[in-house]
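A closer look at the structure
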Amino acid sequence: MDLRFTDEENAFRAEVRAFIRAKLPADIHAKMLEHRSLTKDDVVTWQRILNARGWATPSWPKAWGGPGWDAVQRYIFLDELHQAPAPEPVSFNVSMIGPVIGTFGSEEQKQRLLPRIANLDDWWCQGFSEPGAGSDLAALSTSAVREGDEYLVNGTKMWQGMGHRADWMFTLVRTDPTAKKQAGITFLLIDMKSPGLSVQPIMTIDGRHEVNSVFLDKVRVPVANRVGDENKGWDIAKFLLGNERTGIARIGMSKQLLRRAKKIAAETGADDADFKLRCAEIEVELKALEITQMRVLAGMKEHSEKPDPRSSILKVRGVDLRQSASELMLRAAGPYALPAEGEYDEPNADAPLAGSTWGSTIAPVYYILRAASIYGGATEVQKNILAQSVLGLPK
Ligand SMILES: Cc1cc2nc3c(=O)[nH]c(=O)nc-3n(C[C@H](O)[C@H](O)[C@H](O)COP(=O)(O)OP(=O)(O)OC[C@H]3O[C@@H](n4cnc5c(N)ncnc54)[C@H](O)[C@@H]3O)c2cc1C
């Protein structure tokens, strides 16, 4: 197994890097460097710049209007975005609902929706989890009862990331309460402007508004908005979660967090021998993870892109290391990391250390990264997958 990048792959990396340098708007780059929140306009602007280049949908084949990249090209592209740092294309659109429509959608749905998904003309959110259904997603209870050409939908969805920005929600509903729990589920597309649908913010410990509850009270959804057959939604959900959970290690993001931690420590004087030792430990572990990532990619190349259950280790360790790097940032900033109300997103790149709010995004980053071991498949659940699929332990 050859773990080195080929000359073509290195040339591709250089092309991506040059494009990001030339095209990423300076204000968005500055926000990314300081971990400030992006506005909806920022995200849409960048995604459309990528889309104009044909790069907004890294995992899509050419038939859907994507670049048709292999796993290594996708990895290099995202790694360059993370290291720049630049925003990733909106995952709800390009990694979740896009591949679902491309694989399971009707011809009409593909023609109508795929270009809008890529260009972020419609912003999508994921309406899967409920107050009583998370890791055990098939326990979901939001009901959809067929009435002529419509479904009448009632229930509560929870944790909808960016639901307040979304135009549409892809969701799982129970259409047959008498069937075995996985068998009675249907995949529906719901317009967020539908009468009876309301969005309520959930403020997370980082002080920001990213997630929401979505309440569905007698919401009417046209049958034409169903993807696939009635009661066959679980297969689609598994496909989507497989894409979400084969999530990569985001090593570039950890490197960027470490770079910022070192820069801050050099200014605050926190870069003592112990700090440097911890940086080195994380860097060594990142290198080991990078090699594991390369092994998984090489395996995918040899086995025609089949998702590899070993990629669960990439998610688990990738999150661990991002969390560790954010802890170092916190340590480097010391009391400056303490956010004061209303200061989270102040632009203050050039402010001197003392008396400024330069550190006010650091604690929020530390806090919100705790959630990364829950969403996209909780760490314990990923470990179960590894135990069963890689180590061969009984279920
Ligand atoms: C910031 C954030 C954003 C999110 N965004 C979205 C979104 O956009 N759309 C959406 O639909 N959902 C979203 N979620 C929900 C997320 O998918 C769920 O929180 C996750 O699946 C865990 O479900 P739960 O919260 O019900 O916890 P539970 O499933 O109840 O888990 C509680 C604990 O038990 C452990 N556990 C559960 N089952 C097992 C098991 N079999 N073996 C061992 N341990 C187990 C878990 O690892 C966890 O530690 C988001 C969550 C967060 C925190």
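As the structure is a computational prediction, the values presented were derived from the model and not from experiment.

Cut-off values and rules
- Residues numbered from 1 in each chain as written.
- Predicted model: local features only at pLDDT ≥ 70, side-chain atom pairs only at ≥ 80, totals over all residues.
- Heavy atoms only, no water.
- Buried < 20%, exposed > 50% of the residue type's maximum accessible area, 1.4 Å probe, protein only.
- Helix = DSSP H or I, 4+ residues; strand = E, 2+ residues; numbered from the N terminus.
- Pairing = 2+ DSSP bridges.
- 1 Å grid on protein atoms, 1.4 Å probe; cavity = no way out; pocket = protein on both sides within 12 Å on 5 of 7 lines; lining within 4 Å.
- Points joined across faces, edges and corners; volume = space filled by probe spheres on them.
- Nonpolar A, V, L, I, M, F, W, Y, C, P; charged D, E, K, R; others polar.
- UniProt positions renumbered as here; feature names shortened; annotations may be inferred.
- Lys, Arg positive; Asp, Glu negative; His and termini not counted.
- Salt bridge = Lys/Arg side-chain N within 4 Å of Asp/Glu carboxyl O.
- Contact = heavy atoms within 4.5 Å.
- Axes fitted to C-alpha atoms, helices over the stretch in contact; angles between N-to-C directions.
- Parallel < 35°, antiparallel > 145°, perpendicular 65-115°, else oblique.
- Left-handed = near helix turned anticlockwise from the far one by under 90°.

**Things to note about the pairing of strand β4 (residues 168–174)**
Within β4, 7 of the 7 residues are buried, which leaves the element mostly enclosed by the surrounding structure. Burial along β4 is two-sided: the face carrying Trp168, Phe170, Leu172 and Arg174 and the face carrying Met169, Thr171 and Val173 are both buried. Two strands pair when backbone bridges link them, and strand β1 (residues 124–127) and β4 are joined in this way by 4 bridges, in the parallel orientation. Bridge pairing in β4 links Gln126 to Phe170.

**Points about empty space enclosed by the protein**
With the rule as written, the count across this model stands at 1 cavity of 30 Å³ or more. Volume-wise, the largest cavity comes out at about 40 Å³. Forming the boundary of the largest cavity are Arg112, Leu113, Trp124, Trp168, Leu189 and Asn225. A per-class count over the lining of the largest cavity returns 4 nonpolar, 1 polar and 1 charged.

**Description of the UniProt feature "domain: Acyl-CoA dehydrogenase/oxidase N-terminal" (unreviewed entry) in the chain**
Following the UniProt record, one finds the feature "domain: Acyl-CoA dehydrogenase/oxidase N-terminal" (unreviewed entry) at residues 6–119. The span residues 6–119 shows a helical share of 68% and a strand share of 0%, and its end C-alpha atoms are spaced 31 Å apart.

**Topic: the side chain of Arg322**
Relative to the elements of secondary structure, Arg322 occurs in helix α10 (residues 311–333). We note that Arg322 is buried and unpaired, the nearest opposite charge coming from Glu88 at a distance of 7.8 Å. Setting aside residues up to four positions removed in sequence, Arg322 forms contacts with Ala249, Arg250, Met253, Ser254, Leu257, Leu369 and Ala372.

**Structural notes on the packing of helix α4 (residues 71–83) against helix α8 (residues 251–268)**
Axes are the key here: two packed helices are described by the angle between their axes and the distance separating the axes. As a packed pair, α4 and α8 sit with axes 7 Å apart at the nearest point and diverge in direction by 20°. When the axes of α4 and α8 are compared, the pair comes out roughly parallel. In this structure, α4 meets α8 at a crossing whose hand is right-handed. Residues Tyr75, Asp79, His82 and Gln83 of α4 form the contact with α8, whose participating residues are Ile251, Gly252, Met253, Lys255, Gln256 and Arg259. Along the lines of polarity and charge, the residues of the contact of α4 with α8 split into 3 nonpolar, 4 polar and 3 charged.

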